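# Observations on the three-dimensional arrangement
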Amino acid sequence: MLALNTDVLLPFFSLSVLLALTPGPDNLFVLIQSAQHGWRAGMLVVLGLGLGLVGHTCAVALGLAAVLMASPAVFTLMKTVGALYLLWLAWGAWNAPATARPAIAAQAAPTSLPKRPWRWIGRGIVMNLSNPKVLMFFLAFLPQFVDASRGQVSQQIALLGAIFALAAFWVFGAIAVFSGFFGQWLQGSAHAQRLLNRTASVVFVALAARLLLAERI
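What counts and what doesn't
- Residues numbered from 1 in each chain as written.
- Predicted model: local features only at pLDDT ≥ 70, side-chain atom pairs only at ≥ 80, totals over all residues.
- Heavy atoms only, no water.
- Helix = DSSP H or I, 4+ residues; strand = E, 2+ residues; numbered from the N terminus.
- Expected span 1.5 Å × (residues − 1).
- Buried < 20%, exposed > 50% of the residue type's maximum accessible area, 1.4 Å probe, protein only.
- Arc of directions from axis to C-beta.
- UniProt positions renumbered as here; feature names shortened; annotations may be inferred.
- Axes fitted to C-alpha atoms, helices over the stretch in contact; angles between N-to-C directions.
- Parallel < 35°, antiparallel > 145°, perpendicular 65-115°, else oblique.
- Left-handed = near helix turned anticlockwise from the far one by under 90°.
- Contact = heavy atoms within 4.5 Å.
- Nonpolar A, V, L, I, M, F, W, Y, C, P; charged D, E, K, R; others polar.

## Thoughts on helix H1 (residues 6–21)
- Taking 1.5 Å of rise per residue, 16 residues should cover 22 Å, and H1 covers 22 Å from first to last C-alpha, within 8% of that figure.
- Of the residues making up H1, those classed as buried are Val-8, Phe-12, Ser-16 and Ala-20. Angular distribution of buried residues about the axis of H1 spans 85°; they occupy a single face of the element. The exposed set on the far side of H1, more than 90 degrees from its buried face, consists of Thr-6, Asp-7, Leu-10, Leu-18 and Leu-21.

Okay, here's the thing in structure tokens:
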């Protein structure tokens, strides 16, 4: 019977919020995507990142993470796929057209979700699942809050992972909203939009380089 109490859950949730606030690839990715494409697209990216965290949690709970991280080939494959994806996004951002959008039109924009919402959710999923550092972090972090005397270990890890994903969703969601509205203001200038696109491209390249240089612990 699972018996995690508030003495474990509250400190874990607070720490999860602080970790989500720490500058890193995921929240920087949300910041850039929301500024470029609006807060609604950013929230879909956040949802994708959350689903990626659920995937990492399942891997740890089922014992797959330890097996995967024991293989240098799998580690290299994961970070290579992630880096190539970021470079592809960098290419698209660098070559994205810049056309000024009047502020009035931006304020009158429809409240519906962006077209092809799975495209944005997929960006978040790929970004998170292809980063072996996240899997390594979960493998080292979650078990520290697990106690076999409280119940089944895999269930405790699943619950902790869900709480971490919830904390990250709140933090990343706030980033998406604020960045999206700031980006909407920049869309009124073609020059500012072009600068934003080029900045996003450079950031994606930097994230790709950081991922390629990542080493197993």
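Let's pick the thread back up.
## Side note on the UniProt feature "transmembrane region" (unreviewed entry) in the protein chain
- Within this numbering scheme, the UniProt entry marks residues 12–32, 44–68, 74–94, 125–145, 157–183 and 195–213 as carrying the feature "transmembrane region" (unreviewed entry).
- Strand forms 0% of residues 12–32 and helix 86%; the C-alpha atoms that close the span are 28 Å apart.
- What you have in residues 125–145 is 71% helix and 0% strand, and the ends, taken at the C-alpha atoms, are 25 Å apart.

## Observations concerning the packing of helix H2 (residues 25–37) against helix H7 (residues 117–129)
- Where H2 meets H7, the closest approach of the two axes is 11 Å, and the angle between their N-to-C directions is 160°. Relative to H7, the element H2 is oriented roughly antiparallel. In this structure, H2 meets H7 at a crossing whose hand is right-handed. Side by side, H2 and H7 meet where Pro-25, Asp-26, Phe-29, Gln-33 and His-37 of the first sit next to Trp-120, Arg-123, Met-127 and Asn-128 of the second.
- Per-class residue counts for the contact of H2 with H7 are 4 nonpolar, 3 polar and 2 charged.

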